[in-house]
Amino acid sequence: MRTIHIAASREYDVHIGPGLLDELGARAAQVLRGRNAVIVTDSNVAPLYLDRALASMRAAGFTAEGYVIPAGEASKCGTTYLNLVNDLAERRLTRADGLIALGGGVVGDLTGFAAATYMRGVGLIQVPTTLLACVDSSVGGKTAIDLPAGKNLCGAFYQPWLVLCDPETIGSLPDSVLSDGCAEVIKYGMLGDGKLLHSLLDTHIKDQMEAVIARCVEMKRDVVEGDEFDTGRRQLLNLGHTFAHSIEKLSGYAIPHGSAVAIGMMRITRAAVRKGLCPQDCLDVLQALLKKYNLPLETQYSPEALADVALSDKKRKGDTLTLVVPCAYGESALRPVPVAELADWARSGLDA
Ligand code: GLY
């Protein structure tokens, strides 16, 4: 097992190792004061892991119940959120008690936001069961629901008490869900670790899962500890995300987050190469990795549509939006861009 300690406004450990799901109860007992817990999960994950998680909690002395939401981004909405917090109130969950997020990014973001706001804050343990959630959404305290105007527009920074990543849960998920997470892993390489890019090319991620998750969490720790509230360097974690959020929204969330991030990274990297800001080998390696991990490279949405939807991006400051632009092999930089130039960036990154 590997452990990465995060020193943010709350300090907590991220444990990564096989079998951790069955240690949930014992480890929750170390960080939660109360002995009531609700395990929030979705209709895909519940049949696989909810009983094991409940058994582990109950064996450790918790009164634990499951709360199952329909799988999919549509559940990350105001209605599901209100239903959940009403359910917590009916169960008389107190501030000493806790929520366990057992699932991928949707479950983690929704449960985190409920934990941040129900009674102005209850305990939160993240148990990510997808690669994407292990390397990104379960760590760092971003919680949110989507609004009709855009993704993650209503949320809170709320660090968890504990994160348990059990790579065995990732192994049993469909390949398309694994690919989705690979996009975020490749993103870390593009941001600051050329060696990670090489190792993903040389060795399949399935053969180095624990090490790769740990490396990504370390990189996320370094960013979050320096800029927990996303006013500076943390924005680097949004490489590919400006156009990705547009693609997700335009598709009615039929295109999953990781696939959209893959397309968004291709678009911005190709544009950066054409503008003379990034060497060609970055684009070549990115393209090779996205192909290797079965991720898409292109979208049919027009540059104008991508730019238009991106105008509701949280990173927009008046007439400027900060893009994350690859600038060297394993290195990216923040670049403020006038919103009037966004469509040109989306157009420049089109496959010729
Ligand atoms: N997912 C980007 C961040 O945590 O800042």
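Above this note sits the structure.
For clarity, every value in this text was computed on a predicted model and none was experimentally measured.

**Student:** Teacher, can you tell me more about the overall build of the protein here?
**Tutor:** Helix and strand counts for the protein stand at 14 helices and twelve strands. For 352 residues, the compact-globule estimate of 2.2 N^0.38 gives 20 Å, and the protein sits close to it at 20 Å. For the protein, the spread of C-alpha atoms along the principal axes amounts to about 60 × 40 × 35 Å. A buried classification covers 59% of the 352 residues belonging to the protein. Looking at the protein alone, contacts between residues at least 24 apart form 75% of all its contacts between residues at least 6 apart. Looking at the protein as shown, the accessible area adds up to about 13,500 Å², and 51% of this sits on carbon and sulfur atoms. Distance from the positive charge centre (35 side chains) to the negative charge centre (41 side chains) of the protein: 3 Å.

**Student:** What's the story with the sheet that holds strand β10 (residues 316-317) in this structure? I'm lost.
**Tutor:** Two pairing modes exist for strands in a sheet, parallel and antiparallel, and in both the strands are linked by backbone hydrogen bonds. Strand order in the open sheet made by the three strands is β10-β11-β12, with antiparallel pairing throughout. What marks the edges here is a single partner per strand, and that holds for β10 and β12 (331-338). The pairing of β10 with strand β11 (residues 320-328) spans two bridges and is classified as antiparallel. Among the inter-strand pairings, K317 is bridged to a residue of β11, identified as T320.

Rules and cut-offs
- Residues numbered from 1 in each chain as written.
- Predicted model: local features only at pLDDT ≥ 70, side-chain atom pairs only at ≥ 80, totals over all residues.
- Heavy atoms only, no water.
- Helix = DSSP H or I, 4+ residues; strand = E, 2+ residues; numbered from the N terminus.
- Rg over C-alpha atoms; globule rule 2.2 N^0.38 Å.
- Buried < 20%, exposed > 50% of the residue type's maximum accessible area, 1.4 Å probe, protein only.
- Contact = heavy atoms within 4.5 Å.
- Areas by Shrake-Rupley, 256 points an atom, 1.4 Å probe, with all protein chains shown as cover.
- Lys, Arg positive; Asp, Glu negative; His and termini not counted.
- Charge placed at Lys NZ, Arg CZ, Asp CG, Glu CD.
- Pairing = 2+ DSSP bridges.

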